[in-house]
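The residues making up each chain are set out below.
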Amino acid sequence: MGGSVDIFQVLKDLNIPYEVQEHKAIFSEEDSKDVVITLKGCDVKNLFVKDKNKNFGLVSMDLHKRADLKKIASQLGFGRLSFCNPDELNQFLNITPGSVTPLCIMFDTEKKVKVLFDKNFEGQNVIIHPLRNTASVSLSFEDLKRFVEHFGHDWMIGDVG
């Protein structure tokens with residue numbers, strides 16, 4: 001799983017500054033209500049989605065927005081969306097449910113997953129999991145885009161909610 005990679009070393013190697021906060025495991029938006037994150041930035045939720053043609057997308061959005069799957073599908077150029085299952089999470093992103101993060105795009109070496117970021121992220125820091133749901137990291141959105149590009153992925157910015 002993604003936990004075997006030292007993501008903090010990867011961030012350091014890429015000269016990406018970050019702040020980290022350890023906390024209890026967060027598996028869902030509901031779980032996050034009991035955790036006080038003191039990091040500065042936009043709290044992020046991540047969705048791993050697919051359509052019936054086996055197109056896959058990683059959507060990172062403001063935690064407090066409600067995902068509009070029709071809008072997201074249109075922006076990704078996909079058909080009707082459904083959520084990926086744990087096997088697909090492991091196969092494409094080397095991650096388990098509850099730990100999805102845009103950082104796991106580094107494991108999609110075949111470039112099968114499209115990346116869509118919420119337009120709300122522009123000009124601010126984002127708070128995401130560091131390949132495990134027992135911590136959060138804050139880094140600039142600019143650095144997150146650079147991270148995604150470093151691993152050979154394009155990204156899009158859109159209105160996801």
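This structure is a prediction, so every number in the text was calculated from the model and none was measured.

### What about the packing of aromatic side chains?
Now for step 1: All told, the structure shown has nine aromatic pairs when counted by the stated rule.
Now for step 2: Ring geometry for Phe117 and Phe121: centres 6.4 Å apart, planes at 55°, overall tilted. Summarising the burial analysis for this pair, Phe117 and Phe121 share the class buried.

### Comments concerning helix α3 (residues 69-76)
Counting along an α-helix, one turn takes 3.6 residues, and residues three or four places apart therefore face a common direction.
Now for step 1: Here α3 has its buried residues at Ile72, Ala73 and Leu76. The arc enclosing the buried residues of α3, seen along the axis, measures out at 100°, which places them on a common side. Turned more than 90 degrees from where α3 packs its buried face, Lys70 and Ser74 sit exposed.
Now for step 2: Against the buried residues of α3 lie β2 (42-50), β3 (56-62), β5 (113-118) and β8 (155-158).
Now for step 3: Sitting at the head of α3, Asp68 places a side-chain oxygen 3.2 Å from the backbone nitrogen of Lys70.
Now for step 4: Backbone geometry just after α3 places Gly77 at a positive phi near 80°.

### Observations concerning the environment of Gly123
Now for step 1: Assignment of secondary structure puts Gly123 in the loop between β5 and β6 (125-128).
Now for step 2: The class for Gly123 is exposed, based on a relative accessible area of 79%.
Now for step 3: In sequence terms Gly123 and Thr38 are 85 residues apart; their C-alpha atoms lie 19 Å from each other.

### Here's the deal with the pairing of strand β7 (residues 135-140)
Now for step 1: The buried count for β7 comes to five of six residues, which makes it a mostly enclosed element.
Now for step 2: Pairing of strand β1 (residues 19-22) with β7, which is carried by four bridges, proceeds in the antiparallel orientation. Of the residues in β7, the one forming a bridge with Gln21 is Ser136.
Now for step 3: Across four bridges, the pairing between β6 and β7 is antiparallel. Paired with Ile128 across the strands is Val137, a residue of β7.
Now for step 4: Counting the residues in the hairpin turn of β6 and β7 gives six residues, including Leu131, whose phi is positive at 70°.

### Concerning the nonpolar core
In summary, soluble globular proteins display a tendency toward joint burial of nonpolar side chains.
Now for step 1: Counting 35 residues, the largest nonpolar core has Ile7, Leu93 and Phe147 as its most contacted members.
Now for step 2: Among the secondary structure elements, those contributing two or more residues to this core are α1 (7-13), β2, β3, α4 (86-93), β5, β6, β7 and α5 (141-150).
Now for step 3: Excluding residues that lie within four positions of it along the chain, Phe147 makes contacts with Ile7, Val10, Leu11, Leu14, Ile16, Pro102, Leu103, Ile105 and Met106.
Now for step 4: Core analysis: the next-biggest nonpolar cluster, separate from the first, contains 11 residues, Leu47, Val59, Met61 and Val160 among them.

### So, α5
Now for step 1: Taken as a whole, α5 has its buried residues at Phe141, Asp143, Leu144, Lys145, Phe147 and Val148.
Now for step 2: Contact partners of the buried residues in α5: α1, β5, β6, β7 and β8.
Now for step 3: Immediately downstream of α5, the backbone of Gly152 shows phi near 80°, a positive value.

### Things to note about the state of the cysteines
Now for step 1: A full pass over the atoms with the stated rule returns zero disulfides.
Now for step 2: Free of any disulfide, Cys42 has its nearest neighbouring cysteine sulfur in Cys104, separated by 18 Å.
Now for step 3: The closest cysteine sulfur to the non-disulfide-bonded Cys84 is located on Cys104, 11 Å from its own sulfur.
Now for step 4: Here Cys84 falls in the buried class, since its relative accessible area comes to 13%.

Calculation notes
Residues numbered from 1 in each chain as written. Predicted model: local features only at pLDDT ≥ 70, side-chain atom pairs only at ≥ 80, totals over all residues. Heavy atoms only, no water. Phe/Tyr/Trp six-rings, centres within 6.5 Å; stacked < 30°, edge-to-face > 60°. Buried < 20%, exposed > 50% of the residue type's maximum accessible area, 1.4 Å probe, protein only. Helix = DSSP H or I, 4+ residues; strand = E, 2+ residues; numbered from the N terminus. Arc of directions from axis to C-beta. Contact = heavy atoms within 4.5 Å. Polar contact = N/O pair within 3.5 Å; in protein donor to acceptor, adjacent residues only side chain to side chain. Pairing = 2+ DSSP bridges. Core = buried A, V, L, I, M, F, W, Y, C linked by side-chain atoms within 4.5 Å. Disulfide = S-S within 2.5 Å.

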